[in-house]
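Commentary on secondary and tertiary structure
One-letter residues, chain by chain:
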Amino acid sequence: MLTVLKITNEKKSGITGKLLSVFKPYQLKTELRRCDGVEVNYINYILRRGIIKYDKLYKCCIGKRKTILCDKEISLEGTRLKRFTGTIFKKIMLDNFVCDILKKADIDPTKIKISYYDPNAENPALAERLLSFCTNLTVVSDMPRFYENESERIAGNSGALFTVSNDISALCPCDILIAPTIIKKAMPTASSNIIFTVYPPTAPVPGNIITDYYCEFPEKYMPLIDNTLDGMYLLAGLYSLCGITSLSELIPYSCGCSNIKYSADDTIRIIQNKCQ
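If you're wondering where the values come from, they're calculated on a predicted model, not measured in any experiment.

Moving on: the pattern of salt bridges. Applying the stated criterion across every chain, the model contains twelve salt bridges. Ionic pairing is found between Glu39 and Arg34, a salt bridge with its closest N-O pair at 2.7 Å. Looking at Glu39, the relative accessible area reads 24%, which means it is partly exposed. Since its relative accessible area comes to 56%, Arg34 is described here as exposed. In this structure, Lys90 engages Asp212 in a salt bridge whose closest nitrogen and oxygen atoms are separated by 3.2 Å. Residue Lys90 is located in helix H3 (residues 87-105), and its partner Asp212 is located in strand S12 (residues 212-214); the two are separated by 122 residues in the primary sequence. Taking the relative accessible area as the measure of exposure, Lys90 reaches 18% and is therefore buried.

Before going further, it helps to spend a moment on the environment of Ala127. Note on placement: Ala127 falls in helix H4 (residues 124-130). For the pair formed by Ala127 and Thr3, sequence separation is 124 residues and the distance between their alpha carbons is 35 Å. Setting aside residues up to four positions removed in sequence, Ala127 forms contacts with Tyr116, Leu137, Val139, Tyr147 and Phe162.

Attention now moves to the state of the cysteines. By the definition in use, this model includes zero disulfides. With no disulfide of its own, Cys70 lies closest to Cys61 among cysteine sulfurs, the gap being 10 Å. The thiol sulfur of Cys99 is not disulfide-bonded, and the nearest other cysteine sulfur, from Cys134, lies at 10 Å. By relative accessible area, Cys99 is classed as buried at 6%.

Burial along strand S9 (residues 176-179) is two-sided: the residues Ile176 and Ile178 and Leu177 and Ala179 are all buried. In the sheet, strand S6 (residues 113-117) pairs with S9 via three bridges, with the strands oriented parallel. From the neighbouring strand, Ile114 faces S9, where its bridge partner is Ile176. Alignment of S9 against strand S10 (residues 194-197), held across four bridges, turns out to be parallel. In the sheet register, Ile176 faces S10, and the bridge partner there is Ile194.

Let's shift gears to the sheet that holds strand S8 (residues 163-165). Taken in spatial order, the six strands of this open sheet run S8-S7-S6-S9-S10-S11, and their pairing is parallel. In this open sheet, the two strands that pair with only one neighbour each are S8 and strand S11 (208-210). Neighbouring strand axes in the sheet, compared pairwise and without regard to direction, differ in orientation by 20° on average.

Definitions and cut-offs
- Residues numbered from 1 in each chain as written.
- Predicted model: local features only at pLDDT ≥ 70, side-chain atom pairs only at ≥ 80, totals over all residues.
- Heavy atoms only, no water.
- Salt bridge = Lys/Arg side-chain N within 4 Å of Asp/Glu carboxyl O.
- Buried < 20%, exposed > 50% of the residue type's maximum accessible area, 1.4 Å probe, protein only.
- Helix = DSSP H or I, 4+ residues; strand = E, 2+ residues; numbered from the N terminus.
- Contact = heavy atoms within 4.5 Å.
- Disulfide = S-S within 2.5 Å.
- Pairing = 2+ DSSP bridges.
- Axes fitted to C-alpha atoms, helices over the stretch in contact; angles between N-to-C directions.

Written as structure tokens, this is what we have:
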């Protein structure tokens, strides 16, 4: 079962509102949604006065998973609850989106340079997939020996090779930079570079940074979604916490960052123009 928490602030002025807040400073409303053997428990904590009583919220989670879905602005620090991040699913969507648009772009593999930043060697499978679309792939990792072994293994199977380095400067120049991790080091990229990652970098990284990937919400699971909850966040929860592994086959139709969105076709055109 998934638990989704929403905080609704109903602190009101006026005599009626103040009286209600005195006698009923908060209210908990729950709604259970079921579909195909999956349950999502929505908890709406209505705050009218004072601070959030997390012990009351915790009681709603007794016998249930303590990792919950909620807005990132809701602080669970000091409580026995933990916010679900959804990073694993987002990385899968990055992989699927990048490979899909590169396949559709049908660019001459000799005319595109891709750099892949995987400091902890967490996703070597993507490096191998990328060799299907380019002959000039550079992998930068803090575990270069691991990737050197991977390069030799792949070369033995298919003859394809990639360059390995532990030096950040080896990432550039490139047409596309892919980093399915939080970028914590400054990158020598240019403002024209396309950078596919999962979260906004915490260090200076020039370029067109993509952090979000959007899929159509499967019709099968529509009864589970509430109109106040981000669909991609719920899909991440269904994949990671409910074991619905078939969701890993979804292919995003668009990508973006903050308030900017690019369709798959827009992204393909940008890449094709860079590689002309």
